[in-house]
Amino acid sequence: MNIDADARTDTLRISLDAKAIVKIGEFSRDGYNRVPVAAADHDFRPDATVTPFGFLLPKYGDLFLSLGTSKITSDFIVDQLENLWQTLRPRFPLVNTLVLNMDNGPENHSRRTQFIKRLIDFVAAQQITVQLAYYPPYHSKYNPIEHCWGALEQHWNGTLLDELDTVIKFAHSMTWREKHPVVSIITTTYKTGVRLSQAAMTGLEAKMKRLPTLEKWFVEISPMTIALDT
């Protein structure tokens, strides 16, 4: 499916995922640095934390990083998708389908009510089809953006990430396929635990299509399926 998506001019494949939380402060980090770095010898409470969230266009090598100071929730993910598509739409005027490669995480799995609701709203507003293509457990290494996290970690290992500005600087200066990422800092506070009722989710299910035998792993939401239910 990924090969077919990359071959089509009307389809854009996007790999997305969040990295582990990064502690900001004078913490020792593994890695080599030519400049001696003095770090705290105990893991005290961090000054702040940031969670890198990313979108990668595997076919083109373009990387977009959102550094969130709040929780990575369903609303955070779809907000960033909306922002990304506003940026990409002029570049890809023929695209009418987005294929999202992702892990089956707690905030973006296909039965996460708030995530699905937000995606249905996105599809209705943008009149674009979204296909959710999930990697099963223990296969997340095949999600292309996972390799970007390794590159970012290698880039700043051995460095003292003592300020948010330092994290932003290193995110900007890393490279992926000889390109620097587009980096944004997201300071919006996102509420956790937002869910819809089971009755509401039943209504949403009528607006989406699950692939037979792979219902959990491949979902399509299109303007057509939404229109058929109205």
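In this text, all values refer to a predicted model and were calculated from it rather than measured experimentally.

Cut-offs used in this document
Residues numbered from 1 in each chain as written. Predicted model: local features only at pLDDT ≥ 70, side-chain atom pairs only at ≥ 80, totals over all residues. Heavy atoms only, no water. Helix = DSSP H or I, 4+ residues; strand = E, 2+ residues; numbered from the N terminus. Buried < 20%, exposed > 50% of the residue type's maximum accessible area, 1.4 Å probe, protein only. Contact = heavy atoms within 4.5 Å. Salt bridge = Lys/Arg side-chain N within 4 Å of Asp/Glu carboxyl O. pLDDT = per-residue confidence, 0-100. Expected span 1.5 Å × (residues − 1). Axes fitted to C-alpha atoms, helices over the stretch in contact; angles between N-to-C directions. Parallel < 35°, antiparallel > 145°, perpendicular 65-115°, else oblique. Left-handed = near helix turned anticlockwise from the far one by under 90°. Nonpolar A, V, L, I, M, F, W, Y, C, P; charged D, E, K, R; others polar.

Here's the deal with the side chain of Gln131
Thought 1: Locating Gln131 in the fold gives a position in strand β6 (residues 129-135).
Thought 2: Note on Gln131: relative accessible area 15%, which makes it buried.
Thought 3: In contact with Gln131, other than residues within four places in its own chain, are Thr97, Leu98, Val99, Leu100, Phe218, Val219 and Glu220.

Comments concerning the pattern of salt bridges
Thought 1: Summed over all chains, the structure comprises 13 salt bridges.
Thought 2: Between Glu107 and Arg112 there is a salt bridge, and its shortest N-O distance comes to 3.1 Å. Taken individually, Glu107 and Arg112 each receive the classification buried, so the pair is uniform in this respect.
Thought 3: A salt bridge links Lys209 to Glu220; the shortest N-O distance between them is 3.6 Å. Of this pair, Lys209 sits in strand β8 (residues 209-210) while Glu220 sits in strand β9 (residues 218-221), and the two are eleven residues apart along the sequence.
Thought 4: The class for Glu220 is buried, based on a relative accessible area of 16%.

Some details on the confidence of the model for the chain
Thought 1: Scored by pLDDT, the chain has a mean of 90; 90% of the residues are at 70 or more.
Thought 2: Across residues 32-39, where pLDDT falls below 50, the model places eleven contacts with residues more than four positions away in sequence or in other chains.

Overview of helix α3 (residues 113-126)
Along an α-helix, residues three or four apart share an orientation, since each turn contains 3.6 residues.
Thought 1: Across its 14 residues, α3 extends 20 Å between first and last C-alpha, which sits within 8% of the 20 Å expected from 1.5 Å per residue.
Thought 2: Among the 14 residues that make up α3, ten are buried, leaving the element largely enclosed by the rest of the structure.
Thought 3: Three or more residues of α3 are buried, namely Thr113, Gln114, Phe115, Ile116, Arg118, Leu119, Ile120, Phe122, Val123 and Gln126.
Thought 4: Positive backbone phi, at 55°, marks Gln127, one or two positions downstream of α3.

Things to note about the packing of helix α4 (residues 145-156) against helix α5 (residues 164-173)
Thought 1: Two elements in contact, α4 and α5, have axes whose closest approach is 10 Å; the angle formed by their N-to-C orientations is 120°. On the basis of the axis angle, α4 is oblique to α5. Crossing of α4 over α5 shows right-handed handedness. Contacts between α4 and α5 involve Leu152, His155 and Trp156 from the first element and Val167, Phe170, Ala171 and Ser173 from the second.
Thought 2: Considering only residue class, the contact of α4 with α5 consists of five nonpolar, two polar and no charged.

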